[in-house]
Amino acid sequence: MSRADRHIAGMLGQIARRQDVVHIAPQGSRAKAAALAYAAEQYGYTYGAAYRTGYKNSLVQVLMYRDPRPEARVREAATLTAHPQAGNGGTVPGLRPGSLKPLTGSAGAVAVLNDLITFDVMALYVADRRQTVMGYLACVALTALLLVDKSPAEALASGGALALLLTAALRTGSIRRARCAQRLTHAGFFAVRDEQGRQRFLRPGQQLPGHANPFAS
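Nothing here was measured: the structure is a model prediction, and the numbers come from that model.

Parameters and conventions
- Residues numbered from 1 in each chain as written.
- Predicted model: local features only at pLDDT ≥ 70, side-chain atom pairs only at ≥ 80, totals over all residues.
- Heavy atoms only, no water.
- Phe/Tyr/Trp six-rings, centres within 6.5 Å; stacked < 30°, edge-to-face > 60°.
- Helix = DSSP H or I, 4+ residues; strand = E, 2+ residues; numbered from the N terminus.
- Buried < 20%, exposed > 50% of the residue type's maximum accessible area, 1.4 Å probe, protein only.
- Lys NZ or Arg CZ within 6 Å of the ring centre and 35° of its normal.
- Pairing = 2+ DSSP bridges.
- Contact = heavy atoms within 4.5 Å.
- Axes fitted to C-alpha atoms, helices over the stretch in contact; angles between N-to-C directions.
- Patch = residues over 30% accessible without salt bridge, like charges linked within 9 Å, V, L, I, M, F, W, Y side chains within 5 Å.
- Areas by Shrake-Rupley, 256 points an atom, 1.4 Å probe, with all protein chains shown as cover.
- Salt bridge = Lys/Arg side-chain N within 4 Å of Asp/Glu carboxyl O.
- Lys, Arg positive; Asp, Glu negative; His and termini not counted.
- Charge placed at Lys NZ, Arg CZ, Asp CG, Glu CD.
- Expected span 1.5 Å × (residues − 1).
- Left-handed = near helix turned anticlockwise from the far one by under 90°.
- Nonpolar A, V, L, I, M, F, W, Y, C, P; charged D, E, K, R; others polar.

Novice: Help me out: how do you make sense of the packing of aromatic side chains in this one?
Specialist: Each aromatic ring pair is summarised here by two numbers: the centre-to-centre distance and the angle between the ring planes. Scanning the model with the defined rule gives 1 aromatic pair in all. With 5.1 Å between their ring centres and 85 degrees between their planes, Phe-119 and Phe-201 make a pair best called edge-to-face. With a gap of 82 residues between them, Phe-119 in helix H4 (residues 107-121) and Phe-201 in strand E5 (residues 199-202) connect regions that are remote in the sequence. Neither Phe-119 nor Phe-201 differs from the other in exposure class; each is buried. Between Arg-177 and the ring centre of Phe-119, over which it is positioned, the NZ or CZ distance is 3.7 Å.

Quick look at the structure:
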């Protein structure tokens, strides 16, 4: 069994148990997580949230919530009929056989999910004012420490280089996240703030996830 097949089988195993929340954490790119999320949607789930986890935050964890709406149950029933052997070597809705790459007809929807995942994941790398101040204070502290063993010119150069890298990383993250937000807005999503004050994007009619229901208040 290939790695893609294992990820698919693991996800479908959770769905078969009718779990309220399905956890997706494939090794690799966010695009793979988005492809799995699309497949989960065909079984009556909807995107909830994404964040980084694992050793050195190397894994993207996506939470898919069971959609309680009647149309989700119709979608689930149609998928079960059309793909009876999914997870056992059969076709998987929206995915190429044996891979986590979307079919042409599902590529657009997968791209939207990729933007949702990217926007949420990059919240870790878009610092607020306090985080920014702490980052630059760390640059100052490094410069001070280097002054003990190095010349002032070398210490200032090292501290300045770190500050430039920090600035570039913050700027790049902000620009990339803003582009995701723009595409999501154009796709019909709307921005909200969660209980921690973080910006999120939801589909029309959707609310922030409750314990196990993304449409519950």
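Novice: Where do I start with the pairing of strand E2 (residues 45-53) in this structure?
Specialist: When a strand is regular, its side chains alternate between the sheet's two faces. Judged from the 8 bridges that link them, E2 and strand E3 (residues 59-66) form a sheet pairing that is antiparallel. Residue pairing across strands places Tyr-51 opposite Gln-61, the latter belonging to E3. In this structure, the hairpin formed by E2 and E3 is closed by a connection of 5 residues, where Gly-54 is found at a positive phi of approximately 85 degrees.

Novice: Would you explain the side chain of Glu-76 in this entry?
Specialist: Assignment of secondary structure puts Glu-76 in helix H3 (residues 70-82). Accessibility expressed as a relative area gives 8% for Glu-76, which makes it buried. With residues up to four places along the chain from it excluded, the contact list for Glu-76 reads Arg-18, Gln-42, Tyr-43, Gly-44 and Arg-66.

Novice: Honestly, the sheet that holds E2 in this entry has me stumped. Any pointers?
Specialist: Across the sheet, which stays open at both edges, the 3 strands sit in the order E1-E3-E2 with antiparallel pairing between neighbours. Lying at the two open borders of the sheet, with one neighbouring strand each, are strand E1 (21-24) and E2. Ignoring which end each strand starts from, the neighbouring axes of this sheet average 20 degrees apart.

Novice: Whenever I open this one, a positive patch on the surface confuses me. Can you help?
Specialist: A grouping of Arg-3, Arg-6, Lys-32, Arg-96 and Lys-101 is seen on the molecular surface, where their side chains present a positively charged patch. Position of Lys-32 relative to the elements: it lies in helix H2 (residues 30-42).

Novice: When you look at H4 in this model, what are you seeing that I'm missing?
Specialist: Since the α-helix advances by 3.6 residues per turn, residues separated by three or four positions end up pointing in the same direction. If you check H4, its first and last C-alpha atoms are 21 Å apart, about what 15 residues at 1.5 Å a residue would give, namely 21 Å. Among the residues making up H4, those that are buried are Val-110, Leu-113, Asp-115, Leu-116, Ile-117, Thr-118, Phe-119, Asp-120 and Val-121.

Novice: What is the right way to look at the packing of helix H1 (residues 3-16) against H2 in this model?
Specialist: Helix packing for two helices is described by the angle between their axes and how far apart those axes are. Two elements in contact, H1 and H2, have axes whose closest approach is 11 Å; the angle formed by their N-to-C orientations is 35 degrees. The interaxial crossing formed by H1 with H2 has right-handed handedness. Along the contact surface, H1 presents His-7, Ile-8, Met-11 and Ile-15, while H2 presents Leu-36, Ala-39 and Ala-40. Looking at the contact of H1 with H2, its residues break down into 6 nonpolar, 1 polar and no charged.

Novice: For this particular structure, what's the right way to read the pattern of salt bridges?
Specialist: One side chain can pair with another of opposite charge once the charged atoms of both are near each other. Taken as a whole and judged by the stated rule, the model has 9 salt bridges. The residue Glu-76 makes a salt bridge to Arg-66 at a minimum N-O spacing of 3.4 Å. Separated by 10 residues along the polypeptide, Glu-76 in helix H3 and Arg-66 in strand E3 bring together distant segments of the chain. When its relative accessible area of 11% is taken as the criterion, Arg-66 is described as buried. The partner of Arg-198 in a salt bridge is Asp-194, and the shortest N-O contact between them spans 2.9 Å.

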